[in-house]
Amino acid sequence: MTYTLQGPGRLDATIDLPASKSISNRALIINALAGNEVRPENLSDCDDTDVIVKALTLMPDVIDIKAAGTAMRFLTAYLAITEGEHIITGTERMKQRPIGVLVDALRYLGARIEYVEKEGFPPLRIKGQPLDGGSIEVAGDISSQYISALLMIAPRLKRGLQLKMTGEIASRPYIDLTLWMMGVFGAEAEWTDIDTVSVKAVPYRCQDYTIESDWSAASYWYEMIALSGDRDASVRLTGLKDDSKQGDSVVRYIFSLMGVKTAFIKENGKDEVRLTRHRTKLPRLEYDFNNSPDLAQTFVVACSLMNIPFHFRGLASLKIKETDRIEALKTEMRKLGIVIDDIDGNQLVWDGKRCEPTLEPIDTYNDHRMALAFAPAAFVFPGLKIRHPEVVSKSYPRFWDDIRKTGFIISEE
């Protein structure tokens, strides 16, 4: 399937954002560890959350998490301390995404995990049993999801857990989000050093919990405001909190430099954000995305099409996402006439270099964020085509319906 997009001349809409995928997935695992008496409210309806719901509800012998990397990491740790034997697997791409760091850590704690096919990669055979816990060191520079997976099971370990992270710690806000949510459910977990978290063997308690809206999803609406030709463009986004613990809430500060103003308002007692344009000229953007790598695609597309040269660092984890996002961005931006260079596979640089645009359809590589980040480019390139647009169901299933509400014309072929 391929979509052809025509952006509206006027951008004025109110959008009910999806619930946060990151918070939903953590809430489900913690809630299950707490006894599963009260199900979290306003769960994300995306694919990644759905596979966790089904796994925790049905607990089949073979758990297929499809393309959900978060589910693979979180459920691996959960199954390691949960009675029963299971195989956890996923798509062919998932079988290429490393999980050895997490498996090694769980094995060190006493978990019984075997590789079914290739050493260091899914699928895994897991025989759950109680684990003692104790002290452990884990590389912190690969994926914060490994860290979060270990931390969430820590209150159930007999001796708790003292977890030291070596090297640069990637996506620290996501670790902070995990610790904050654990605390809401009664866990005693805290940073005891700049690189160490200690979790006591204090069990979770059941807790009512409502999921807030997703700041990652909001980033694409910021991008639309920035790229729209409408000087009076205005979008209201529901359910976003000013004090959110989501790491991607930093998007509002970065886009403020690029001419998008954020105003927090209350409408009928509910939280809303209003996005509008203001006049500004940013000559260049340098930013380290180590703490918010999922925003990188949004800003690569936005900056390039706003003629803002950039140097983005902290992108090492992009190579092990749903696709190699470094190479995918370089390839697809060339179709729009933008030549981006990478440095050591963890930095992207654009100094204004261009080529002849081909305007070939944008390939999405089975990566939801490729489709989401490139869709706003239709404001600059009317008639932009995007292949396999259905991939947005991984995090934002209603995205195409939402942009139609704003006046986007979408034709299918």
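In the block above lies the structure referred to throughout.
So, a few notes on the structure that sits alongside this text. (Residues numbered from 1 in each chain as written. Predicted model: local features only at pLDDT ≥ 70, side-chain atom pairs only at ≥ 80, totals over all residues. Heavy atoms only, no water.)

### A closer look at helix α1 (residues 21–34)
Piece 1. The end-to-end C-alpha distance of α1, which contains 14 residues, comes to 20 Å, matching closely the 20 Å that a straight helix rising 1.5 Å per residue would cover.
Piece 2. Burial within α1 is extensive, with 14 of its 14 residues counted as buried.
Piece 3. Between a side-chain oxygen at the N-terminus of α1 and the backbone nitrogen of S22 the separation is 3.4 Å; the capping residue is S20.
Piece 4. Positive phi shows up at G35, right after α1, with a value of about 120°. (Helix = DSSP H or I, 4+ residues; strand = E, 2+ residues; numbered from the N terminus. Expected span 1.5 Å × (residues − 1). Buried < 20%, exposed > 50% of the residue type's maximum accessible area, 1.4 Å probe, protein only. Polar contact = N/O pair within 3.5 Å; in protein donor to acceptor, adjacent residues only side chain to side chain.)

### Side note on the layout of surface pockets
Piece 1. Roughly 440 Å³ of volume is contained in the largest pocket.
Piece 2. M258, R277, H278, R279 and T280 are the residues nearest the centre of the largest pocket, which is lined by 14 residues in total.
Piece 3. Split into classes, the residues belonging to the lining of the largest pocket amount to 6 nonpolar, 4 polar and 4 charged. (1 Å grid on protein atoms, 1.4 Å probe; cavity = no way out; pocket = protein on both sides within 12 Å on 5 of 7 lines; lining within 4 Å. Points joined across faces, edges and corners; volume = space filled by probe spheres on them. Nonpolar A, V, L, I, M, F, W, Y, C, P; charged D, E, K, R; others polar.)

### Side note on the nonpolar core
Piece 1. Residues W221, F299, F399 and W400 are the most contacted members of the largest nonpolar core, which totals 74 residues.
Piece 2. The biggest single contributor to this core is helix α7 (residues 215–227), with 10 residues.
Piece 3. The residues touching W221, leaving out its near neighbours within four places in the chain, are I15, L17, V235, L237, L275, Y396, D402, I403 and T406.
Piece 4. Counting residues in hydrophobic clusters, the runner-up holds 68 residues, among them I29, L56, I65 and I113. (Core = buried A, V, L, I, M, F, W, Y, C linked by side-chain atoms within 4.5 Å. Contact = heavy atoms within 4.5 Å.)

### So, the packing of aromatic side chains
Piece 1. Summed over all chains, the structure comprises 14 aromatic pairs.
Piece 2. Ring geometry for Y222 and F255: centres 5.7 Å apart, planes at 25°, overall stacked. Of the two residues, Y222 sits in helix α7 while F255 sits in helix α8 (residues 251–256), which places them 33 residues apart along the sequence. Here the two residues Y222 and F255 agree in accessibility, since each one is buried. (Phe/Tyr/Trp six-rings, centres within 6.5 Å; stacked < 30°, edge-to-face > 60°.)

### Looking at the packing of α1 against helix α5 (residues 144–153)
Piece 1. At a closest axis distance of 10 Å, the pairing of α1 and α5 adopts a crossing angle of 25°. Here α1 lies roughly parallel to α5, going by the angle between them. Seen from above, α1 lies across α5 with right-handed handedness. Together, R26, I29, I30 and L33 of α1 and S148, M152 and I153 of α5 make up the contact between the two elements.
Piece 2. Across the contact of α1 with α5, the residue classes tally to 5 nonpolar, 1 polar and 1 charged. (Axes fitted to C-alpha atoms, helices over the stretch in contact; angles between N-to-C directions. Parallel < 35°, antiparallel > 145°, perpendicular 65-115°, else oblique. Left-handed = near helix turned anticlockwise from the far one by under 90°.)

### Focus: unusual backbone geometry
Piece 1. Here the amide bond leading from P122 into P123 is cis, since omega sits at 5°, within 30 degrees of zero.
Piece 2. By the secondary structure assignment, P123 is in the loop between β5 (112–115) and β6 (124–128).
Piece 3. Even without glycine at this site, D344 takes up a positive phi of about 55°.
Piece 4. The topology assignment puts D344 in the loop between β16 (341–343) and β17 (347–350).

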